[in-house]
2 protein chains.
Amino acid sequence: MKQSTTKSASLGRPSGRDSEKVRRDLLESARDHFLKRDFKAVSLREIASSAGVNGAMVNYYFGGKKGLYLAMVDELFESLDEKMRSLSDSSEFSIADFSHSYCLLLAENPWWPNFIVREILFSEGETKEEVLQRFSKMIAPKLLHAIGQEVEDGNYREGLNPELTLMSLMGMAIFPFLAAPMIERVFGMKIDESMANKLAEHNVALFMNGVVNQKQQVTEGTGS
Amino acid sequence: MKQSTTKSASLGRPSGRDSEKVRRDLLESARDHFLKRDFKAVSLREIASSAGVNGAMVNYYFGGKKGLYLAMVDELFESLDEKMRSLSDSSEFSIADFSHSYCLLLAENPWWPNFIVREILFSEGETKEEVLQRFSKMIAPKLLHAIGQEVEDGNYREGLNPELTLMSLMGMAIFPFLAAPMIERVFGMKIDESMANKLAEHNVALFMNGVVNQKQQVTEGTGS
DNA sequence: AGATTTATTAATTAATCGTTTAATTAAATA
DNA sequence: TATTTAATTAAACGATTAATTAATAAATCT
């Protein structure tokens, strides 16, 4: 019922619309939604509506909901790959410098830990494997080697396990951003760029020298 | 475990069935499913079928899907609360001891970080707030105070920020378990109890004294 | 100008979900 | 023993979902 003579003003191809922009809008809307809620919990219509288009556009441009999701994942990883490369390709590479830059990078892209953890821990398998592979080849080998080298050179403690050390380093850097909603509640602390700066310095200092007051007691037992 | 359709003979109240067991089976099945996949991604029928009963039983015993989920959350938190209390109520409380026990506790309950992060980061708000409140009152205040005390006593470096320090400590301890699937892939390292023991020792040593070889160089500049 | 292609929405479809209801039977009660 | 209550399933319901189709009109091509 209805319609007939009433020319629905919004039917048919709109005039002067940039279809590439529609594509980008959909990707952006998808990122906004999928980063906050689960794949199943987000509906096609919701995403499309936020992008200002009909839900059928998702099928038109991306072949379906899953297609849009994978396109979004690809996009995120590309921007991430690029930034990580520029970070680890600096001429003079040191763990401390890397750790510091890494913290700032996370502050600029707070969606990243969230995204990685969600993909790897909670995704339904399909995308998981690919994501895991891309991530595992990114930086871990380089950092492991760098830590091993420091131990060999005698700069780091003898017997220090590179794998465990890298895990600690990653945990210290990533966890605050990952658990931001909890941190903000429990500590009453906003996770912004100024905080990231403090965190970066704190982390490097803790990583290098620990919490113990060295002026008071130098070289405690260390014999494990 | 799959009873499936036992044909028409299975109508009406079954003989000699323990209704309390059905309740427990449903809770267990719910935990198995909800810990692996999202709330929305798990269907009532799936849970019930795994427990060997009809989907309507979820409504009968728990008032609905959400009721079952909350009952499961309650159960998990109860077991967790109990264990955490016994950890922080030891007569002589030290950060190092706590950190060590905490690691071992995580190794025994690997679902925990997964669950917490999922609840806080990805849940749809309703349960989130309650979970956040319970968690925020658990141990954070006690640990913050303990760290502050160590600084005051001159055991920890002057100017050490207790909040940042606690974040680092939590990150070092939790991250390996949270990212276990990634760790196992990237480092070829199984996250089991033996590894948790090494990790615990490693973390305490790193937390206390850092990575720098103290025998060679004491207190480097670190001026950024 | 006319035909075709491209982009868009409304309407429809088929599946699935959580929930409700009705039927059914064992157990408990009187 | 007769009646009520408790526990269970199958079936149906209404809502919501992703996906498909048909209608429509601008853009583009011939």
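Not measured: the values here are computed from a predicted model.

Right, let's talk about the environment of Ser79 of chain B for a bit. Residues and elements named next belong to chain B. Relative to the helices and strands, Ser79 resides in helix 4 (residues 65–88). The class for Ser79 is partly exposed, based on a relative accessible area of 26%. Considered as a pair, Ser79 and Phe207 are 128 residues apart in the sequence and their alpha carbons are 28 Å apart.

Residue and element names in this part refer to chain A. For the coordinates displayed, the defined rule picks out six salt bridges over all chains. Of the charged contacts in the structure, one is a salt bridge between Lys21 and Asp25, with a shortest N-O distance of 2.6 Å. Residue Lys21 and its partner Asp25 are located together in helix 1 (residues 19–34), separated by four residues, close to a single helical turn. Taking the relative accessible area as the measure of exposure, Lys21 reaches 40% and is therefore partly exposed. Residue classification places Asp25 among the partly exposed positions, given a relative accessible area of 22%.

Taken together, the contact pairs 68 residues of chain B with 67 residues of chain A. Between chain B and chain A, the buried area comes to about 6400 Å², and carbon and sulfur atoms account for 68% of it. Run the count over chain B and chain A and you get zero salt bridges. In this assembly, chain B and chain A are joined by 16 residue pairs in polar contact (both at pLDDT 80 or more). Of all the secondary structure elements, the ones that give two or more residues to the side of chain B that touches chain A are helix 6 (111–122), helix 7 (126–136), helix 8 (140–152), helix 9 (162–178), helix 10 (180–187) and helix 11 (193–209) of chain B. Residue contributions to the side of chain B that touches chain A peak at 13 residues, all from helix 9 of chain B. Considered class by class, the residues forming the side of chain B that touches chain A number 36 nonpolar, 20 polar and twelve charged.

All names here are of chain A. Residues at a pLDDT of 70 or more form 86% of chain A, whose mean pLDDT is 83. Below a pLDDT of 50 lies the segment residues 1–8, which in the model reaches zero contacts outside its immediate sequence neighbourhood of four places, other chains included. With pLDDT under 50 throughout, residues 217–224 is counted as low confidence; its partners more than four residues away or in other chains account for six contacts.

Close to DNA strand C lie 28 residues, the nearest being Asn54 and Tyr61 of chain A together with Leu11, Leu44 and Lys65 of chain B. Counting only the atoms of DNA strand C that lie within 4 Å of the protein, the sugar and phosphate share comes to 70%. Among the secondary structure elements, those contributing two or more residues to the surface near DNA strand C are helix 1 and helix 3 (56–62) of chain A together with helix 2 (44–51) and helix 3 (56–62) of chain B. It is helix 3 of chain A that provides the largest number of residues to the surface near DNA strand C, a total of four residues.

Here we come to the relation of the copies chain B and chain A. For the pair of chain copies, the relating transformation is a rotation about an axis with a translation along it. Aligned on chain A, chain B shows an RMSD of 0.5 Å; the corresponding rotation is 180° and the shift along the axis is 0.1 Å. Taken together, the rotation and translation describe the operation of a two-fold axis. Both copies share a contact surface, since 96% of the interface residues of chain B are interface residues in chain A too.

Rules used in this analysis
- Residues numbered from 1 in each chain as written.
- Chains lettered and ligands numbered in written order.
- Predicted model: local features only at pLDDT ≥ 70, side-chain atom pairs only at ≥ 80, totals over all residues.
- Heavy atoms only, no water.
- Helix = DSSP H or I, 4+ residues; strand = E, 2+ residues; numbered from the N terminus.
- Buried < 20%, exposed > 50% of the residue type's maximum accessible area, 1.4 Å probe, protein only.
- Salt bridge = Lys/Arg side-chain N within 4 Å of Asp/Glu carboxyl O.
- Contact = heavy atoms within 4.5 Å.
- Buried area = accessible area lost by both parts, 1.4 Å probe.
- Polar contact = N/O pair within 3.5 Å; in protein donor to acceptor, adjacent residues only side chain to side chain.
- Nonpolar A, V, L, I, M, F, W, Y, C, P; charged D, E, K, R; others polar.
- pLDDT = per-residue confidence, 0-100.
- Near = heavy atom within 4 Å.
- Least-squares fit on C-alpha atoms with pLDDT ≥ 70 in both.

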